[in-house]
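# Structural overview for review
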Amino acid sequence: MDDPRLQSRPAPADPTESPVPFASMSVNPGVTLFFNRLVRLTRLTGGRLLTGDKVDNSGFNGAVNLVFGPSAEDAWHCLLSESRFRFVKGRHAAPIGTVTLEPDVFLKLLAGHTSYTTAEMTGKIRVEGEGHCSFILSSTVLQFRTQARRKGPIGWIARYWIKSALKRSATGYELAL
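Residues numbered from 1 in each chain as written. Predicted model: local features only at pLDDT ≥ 70, side-chain atom pairs only at ≥ 80, totals over all residues. Heavy atoms only, no water.

### With respect to the packing of helix H2 (residues 103-111) against helix H5 (residues 152-169)
The contact between H2 and H5 brings their axes to 10 Å, and the two run at 145°. Handedness of the crossing formed by H2 with H5: left-handed. Where H2 approaches H5, its residues Leu-107, Leu-110 and Ala-111 are matched on the opposing element by Ile-162, Ala-165, Leu-166 and Ser-169. A class-by-class count of the residues in the contact of H2 with H5 yields six nonpolar, one polar and no charged. (Axes fitted to C-alpha atoms, helices over the stretch in contact; angles between N-to-C directions. Helix = DSSP H or I, 4+ residues; strand = E, 2+ residues; numbered from the N terminus. Left-handed = near helix turned anticlockwise from the far one by under 90°. Contact = heavy atoms within 4.5 Å. Nonpolar A, V, L, I, M, F, W, Y, C, P; charged D, E, K, R; others polar.)

### Quick notes on the pattern of salt bridges
Applying the stated rule across the entire model yields one salt bridge. Here Asp-104 ties to Lys-108 by a salt bridge, and the two come within 3.6 Å at their closest N and O atoms. You can see Asp-104 and its partner Lys-108 sitting in helix H2, four residues apart, about one turn around the helix. The exposure class of Lys-108 is partly exposed, given its relative accessible area of 28%. (Salt bridge = Lys/Arg side-chain N within 4 Å of Asp/Glu carboxyl O. Buried < 20%, exposed > 50% of the residue type's maximum accessible area, 1.4 Å probe, protein only.)

### So, the packing of aromatic side chains
Per the stated rule, a full pass over the model turns up 13 aromatic pairs. Arranged with centres 5.1 Å apart and planes meeting at 40°, the rings of Phe-35 and Phe-106 form a pair that is tilted. In this pair, Phe-35 is assigned in helix H1 (residues 29-45) and Phe-106 in helix H2, connecting sequence segments 71 residues apart. Judged by its relative accessible area of 0%, Phe-35 is buried. We classify Phe-106 as buried; its relative accessible area is 0%. The rings of Phe-34, Phe-35, Phe-68, Trp-76, Phe-85, Phe-87, Phe-106, Phe-144 and Trp-161 are connected pair by pair, giving a single aromatic cluster. (Phe/Tyr/Trp six-rings, centres within 6.5 Å; stacked < 30°, edge-to-face > 60°.)

### Examining the packing of helix H4 (residues 134-148) against H5
The N-to-C vectors of H4 and H5 enclose an angle of 125°; their axes lie 7 Å apart at closest approach. Regarding the angle of H4 to H5, the classification is oblique. You can see that H4 and H5 cross each other, and the crossing is left-handed. Together, Phe-144, Arg-145, Gln-147 and Ala-148 of H4 and Ile-154, Gly-155, Ala-158, Arg-159, Trp-161 and Ile-162 of H5 make up the contact between the two elements. (Parallel < 35°, antiparallel > 145°, perpendicular 65-115°, else oblique.)

### Section: unusual backbone geometry
For Ala-170, which is not glycine, the phi torsion reads 60° and is therefore positive. Counting through the fold element by element, Ala-170 comes out in the segment after H5.

### A closer look at the side chain of His-77
Here His-77 shows up in strand E2 (residues 75-80). Take His-77: its relative accessible area is 0%, and that puts it in the buried class.

Don't take any of this as a statement about function, it's just geometry.
And the structure:
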């Protein structure tokens, strides 16, 4: 990772910059569980596991912030390179884009109670910067939901991952496949 845009640098938290007014002051524990596990997984695998051979990321390098609340503790960022991507806790100082949404919206997406397109078109998901940055969040949710439908160990792991995040969230949402 020689590209300086791919170096993980936490950004200073400035709650006044958020395009979505947050109803809660802290991120939901289910969202925290989901993304902290994703940080560990992508650190262990070097980000190769989630991309596969069929993904073409050519020309898509940089960092995308995923913001779920006003503080630095309510954000993660995804570092993208030609062949992999990796999640890191906190905001990146120089992202190519920022995706902002309420934790509850993310949990509804994960549970299958709403679609990404509907949430984005109704303003529940906001994208600043490069528009294609929204694909990071949508593809992450879609990848987990697709894997959860599979049989065998991969499907079991994905279902466990989603169900444990939904249970920890205390929202009462159930996974709808």
